[in-house]
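So you can see what is in the structure, the chains are spelled out below.
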Amino acid sequence: MDQTLSEALFRAADDGDLPAAIAAIETGADVNAVHPDLGDSPLHHAVENGHTPLAKMLLSRGAWVDCSPWCSWASHDIEDDEERWMKYPNVSPPLIIAARSGSIDIVSLLLESKATVDAKNESRMTALMVAAQEGHAKVVKILLEHGAKVYEKDEKKMSAFMYAAKNGRTVV
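These numbers come from a predicted model, not from an experiment.

Calculation rules
Residues numbered from 1 in each chain as written. Predicted model: local features only at pLDDT ≥ 70, side-chain atom pairs only at ≥ 80, totals over all residues. Heavy atoms only, no water. Helix = DSSP H or I, 4+ residues; strand = E, 2+ residues; numbered from the N terminus. Buried < 20%, exposed > 50% of the residue type's maximum accessible area, 1.4 Å probe, protein only. Contact = heavy atoms within 4.5 Å. Arc of directions from axis to C-beta. Phe/Tyr/Trp six-rings, centres within 6.5 Å; stacked < 30°, edge-to-face > 60°.

Details of unusual backbone geometry
So, step 1. Positive phi is not limited to glycine here, since K114 has a value of about 75°.
So, step 2. Locating K114 in the fold gives a position in the loop between α7 (104-112) and α8 (127-134).
So, step 3. For R124, which is not glycine, the phi dihedral falls at a positive 70°.
So, step 4. Looking at the secondary structure, you find R124 in the loop between α7 and α8.
So, step 5. Take R124: its relative accessible area is 38%, and that puts it in the partly exposed class.

Okay, structure coming up:
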């Protein structure tokens, strides 16, 4: 695949430029391209920058909703690639990125697209833990409605409740 097409798609995802993203895909850009420096995908960029329409379009064109080294690559017929994990250790699933930002629309979109509600990042944190830590009560509610595990713990043995309490998030 042409690196220029991937670059154009990542730029469009960063900028929220839906027509440019569609043009890049229609000329051959891979919706699941891996950024050579960051290890994430165009969906990650759209989610991180709050571009809901662009994220929706990427998902409709086959973007992997759970794409990250810490999710199940096997569900996408990709070999377990330890080198990829070593090179990009800090790539969180898109749902965790959306939960951190508090974007209700993007969290809902990802869950409707069958994102794994309890997917973990490199610290074994889930979207529920991150939303509780950040004080995003509406996101916490949505995640719980989709079956997020309340008592799940990360590598520090902290749960969503513990993160909320530690950060004074009494509303959560």
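Regarding helix α4 (residues 52-60)
So, step 1. Restricting attention to buried positions, one finds in α4 the residues L54, A55, M57, L58 and L59.
So, step 2. Among the structural elements, α1 (3-15), α2 (18-26), α3 (42-48) and α7 are those in contact with the buried residues of α4.
So, step 3. Looking at the residues trailing α4, positive phi occurs at G62, about 100°.

As for the environment of A8
So, step 1. With respect to the helices and strands, A8 occurs in helix α1.
So, step 2. The sequence separation of A8 and A24 amounts to 16 residues, and the corresponding C-alpha distance is 6.3 Å.

Points about helix α9 (residues 137-145)
So, step 1. What α9 keeps buried is the set V139, V140, I142 and L143. Burial along α9 is one-sided: seen end-on, the buried residues are contained in an arc of 165°. Residues K138, K141 and E145 are exposed on α9 and point more than 90 degrees away from its buried face.
So, step 2. Check the buried side of α9 and you find it contacts α6 (94-101), α7 and α8.
So, step 3. Looking one or two residues past α9, G147 carries a phi angle of roughly 90°, positive in sign.

Some remarks on the packing of aromatic side chains
So, step 1. One pass over the structure, following the stated rule, counts 1 aromatic pair.
So, step 2. Arranged with centres 6.0 Å apart and planes meeting at 50°, the rings of Y151 and F161 form a pair that is tilted. Of this pair, Y151 sits in the loop between α9 and α10 (160-166) while F161 sits in helix α10, placing them 10 residues apart in sequence.

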